[in-house]
Amino acid sequence: MARDEIKLQQQMNRALDGELAEQELTVLYARLQESAEEITRWERLRKTDELLRTTPPVAPSRGFAERVMAAILSMPMPEFARRSRGLGLALGLLVAALLAVPVLWAVLFIFVSVITNPDALASVLQTILDAAGYVAGLLTSLVDEAQALTGDRALLGGLLAAVLAMAALWVWLIRRVTGGRGAFARRSKP
Amino acid sequence: MSEDSDSLWVQRTLAGDPQAFGELVRRYERDVFNLAYRMLNERGEAEDAAQEAFMRAYVNLDRYDPERPFKTWLLSITSNHCIDRLRRRRLTWLSLEEPLPPHPALTSDTPGPEEALLTSERNLLVQEMLADLSPEYRLAVILRYWYDLSYAEIAEMLGTTESAIKSRLFRARQALADYLESRPVSTLDPVLENS
């Protein structure tokens, strides 16, 4: 291929890419006018270029992105995600340990103080016995109240309805806070 | 759509939120699919290849260099995967001595409202022309015309020089023009008249 011809082809290529200045384009067109064969070649190139430029991209079928994500989520966790999760767990444990150490020290200090002082030990034991007595009394009165209520069925029905409504409200609140991704959501999947 | 925003979604994915990658999939599904379809010339295989490209991008996300545009990196993965598929396809054909696949217009997986564009005469003609090129030339044409990438960007993606891409593209254009010229007169000619 002659050097002139190669240069002409390069110029045509640059013209198609819009890289030629107006003056260079004028020179190219003048050069093309010298040969009918080159004019035909240029026209064919220009037509091909125009056809490619004006053909829009094609889109995938509906739901393609969702299918891709489902496939990705079903894959084993990649290395970077495992590292990231491991790092998060390690940081969490570190924070928990930092918080637990002073609390454990305080508990240990109180425990040692109490068992080394007989008066304090007796006082603590008395407080524990008093608390146990109070809880036992509370349970006894609750049982008595329940026995009294079984006599009044309308009141019992209302109480049960109120308890169920409260339970439903709690479930709804928990699901809303966790974004519906709790244990219930997971179990409902096939 | 900004590259900063892409980086943000990449960072979120790397931090352990796989759903963040979904945003990138939605953003680039059309680009990735179009590249796979133009390369492979078969819709079903193009969807498989595009999905595989996204999966490879996800698994290797920690190797992505945030200094480069995410889109270019993704297209690079897609083009490599498509070239691999074309090589495997060629080996399969050679080993099984099967006939060439039917023309895209004759395959049955193209109907549907979304595929009206795909089945348009212009698209069929373009696919027919691209199928006549070698995969390397076809890739250069696709990246230049549908993704508006510079020669330098294409060269970087394909691991070659800018002058090699210029030469490849010019030869591809000439081959396409020759193919167009050699086609018999048909009902597709109004498409050319309008272009």
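Re the pattern of salt bridges
Going through the model one piece at a time under the given rule, you end up with 23 salt bridges over all chains. Of the charged contacts, one joins Arg144 of chain B and Asp17 of chain A as a salt bridge, the two residues approaching to 3.2 Å between their closest N and O atoms. Pair noted here: Arg144 of chain B is in helix H6 (residues 135-145) and Asp17 of chain A is in the loop between helix H1 (3-16) and helix H2 (22-32), and the two residues belong to different chains. When the shortest N-O distance is used, the salt bridge between Asp6 of chain B and Arg27 of chain B registers 2.5 Å. Remark: Arg27 of chain B occurs in helix H2 (residues 19-40) and Asp6 of chain B occurs in helix H1 (residues 3-14); sequence separation between them is 21 residues. Each member of the pair, Asp6 of chain B as well as Arg27 of chain B, is classed as buried. Through salt bridges with shared partners, one network takes in Asp17, Asp49 and Arg53 of chain A together with Arg144 and Arg173 of chain B.

Observations concerning the packing of helix H4 (residues 64-73) of chain A against H2 of chain B
Contact geometry of H4 of chain A with H2 of chain B gives a least axis separation of 9 Å together with a crossing angle of 145°. Once H4 of chain A is placed against H2 of chain B, the crossing between them reads as right-handed. Together, Phe64, Ala65, Val68, Met69, Ile72 and Leu73 of chain A of H4 of chain A and Gln19, Phe21, Gly22, Val25, Arg26 and Glu29 of chain B of H2 of chain B make up the contact between the two elements. Per-class residue counts for the contact of H4 of chain A with H2 of chain B are eight nonpolar, two polar and two charged.

With respect to the interface of chain B and chain A
In this assembly, 51 residues from chain B lie in contact with 38 residues from chain A. Buried surface at the junction of chain B and chain A, both sides included, amounts to about 4,400 Å², of which 64% is carbon and sulfur. Joining chain B to chain A, the criterion identifies six salt bridges. Here Arg67 of chain A ties to Glu47 of chain B by a salt bridge, and the two come within 3.0 Å at their closest N and O atoms. For the side of chain B that touches chain A, the elements supplying multiple residues, two or more each, are H1, H2, helix H3 (43-59), helix H5 (121-131), H6, helix H8 (162-182) and helix H9 (189-194) of chain B. Top element by residues in the side of chain B that touches chain A is H2 of chain B. It accounts for 11 residues. Its residues assigned to classes, the side of chain B that touches chain A comprises 28 nonpolar, nine polar and 14 charged.

Topic: the confidence of the model for chain A
All names here are of chain A. Taken as a whole, chain A shows an average pLDDT of 83; of its residues, 89% reach a score of 70 or greater. Of all helices and strands in chain A, the one with the weakest mean pLDDT is helix H8 (residues 183-187) (36), whereas H4 scores best (95). Considering only residues more than four positions removed or in separate chains, one finds that residues 180-190, a stretch of pLDDT under 50, has five contacts.

Re the packing of aromatic side chains
For any pair of aromatic rings, the description rests on two quantities: the centre-to-centre distance and the angle between the ring planes. Residues and elements named next belong to chain B. Counting across every chain of the model gives seven aromatic pairs over all chains. Here Phe33 and Tyr37 contribute two aromatic rings whose centre-to-centre distance is 6.1 Å and whose plane-to-plane angle is 20°, an arrangement assigned as stacked. Of this pair, Phe33 and Tyr37 both sit in helix H2, four residues apart, roughly one helical turn. Judged by relative accessible area, Tyr37 falls into the buried class, the value being 2%. With a centroid separation of 5.8 Å and 45° between ring planes, the pair formed by Phe70 and Trp73 is classed as tilted.

A few points about the environment of Gln174 of chain B
Within the secondary structure, Gln174 of chain B sits in helix H8. Judged by relative accessible area, which is 19%, Gln174 of chain B ranks as buried. Those residues in contact with Gln174 of chain B that sit more than four places away from it in its chain are Gln9, Arg41 and Leu45 of chain A.

Brief notes about unusual backbone geometry
Residues and elements named next belong to chain B. A positive phi angle, close to 60°, is found at Asn41, a residue other than glycine. Despite not being glycine, Asp148 shows a phi value in the positive range, around 55°. The residue Asp148 is located in the loop between H6 and helix H7 (151-158) in this model. Given a relative accessible area of 66%, Asp148 falls into the exposed group.

Criteria and thresholds
- Residues numbered from 1 in each chain as written.
- Chains lettered and ligands numbered in written order.
- Predicted model: local features only at pLDDT ≥ 70, side-chain atom pairs only at ≥ 80, totals over all residues.
- Heavy atoms only, no water.
- Salt bridge = Lys/Arg side-chain N within 4 Å of Asp/Glu carboxyl O.
- Helix = DSSP H or I, 4+ residues; strand = E, 2+ residues; numbered from the N terminus.
- Buried < 20%, exposed > 50% of the residue type's maximum accessible area, 1.4 Å probe, protein only.
- Axes fitted to C-alpha atoms, helices over the stretch in contact; angles between N-to-C directions.
- Left-handed = near helix turned anticlockwise from the far one by under 90°.
- Contact = heavy atoms within 4.5 Å.
- Nonpolar A, V, L, I, M, F, W, Y, C, P; charged D, E, K, R; others polar.
- Buried area = accessible area lost by both parts, 1.4 Å probe.
- pLDDT = per-residue confidence, 0-100.
- Phe/Tyr/Trp six-rings, centres within 6.5 Å; stacked < 30°, edge-to-face > 60°.

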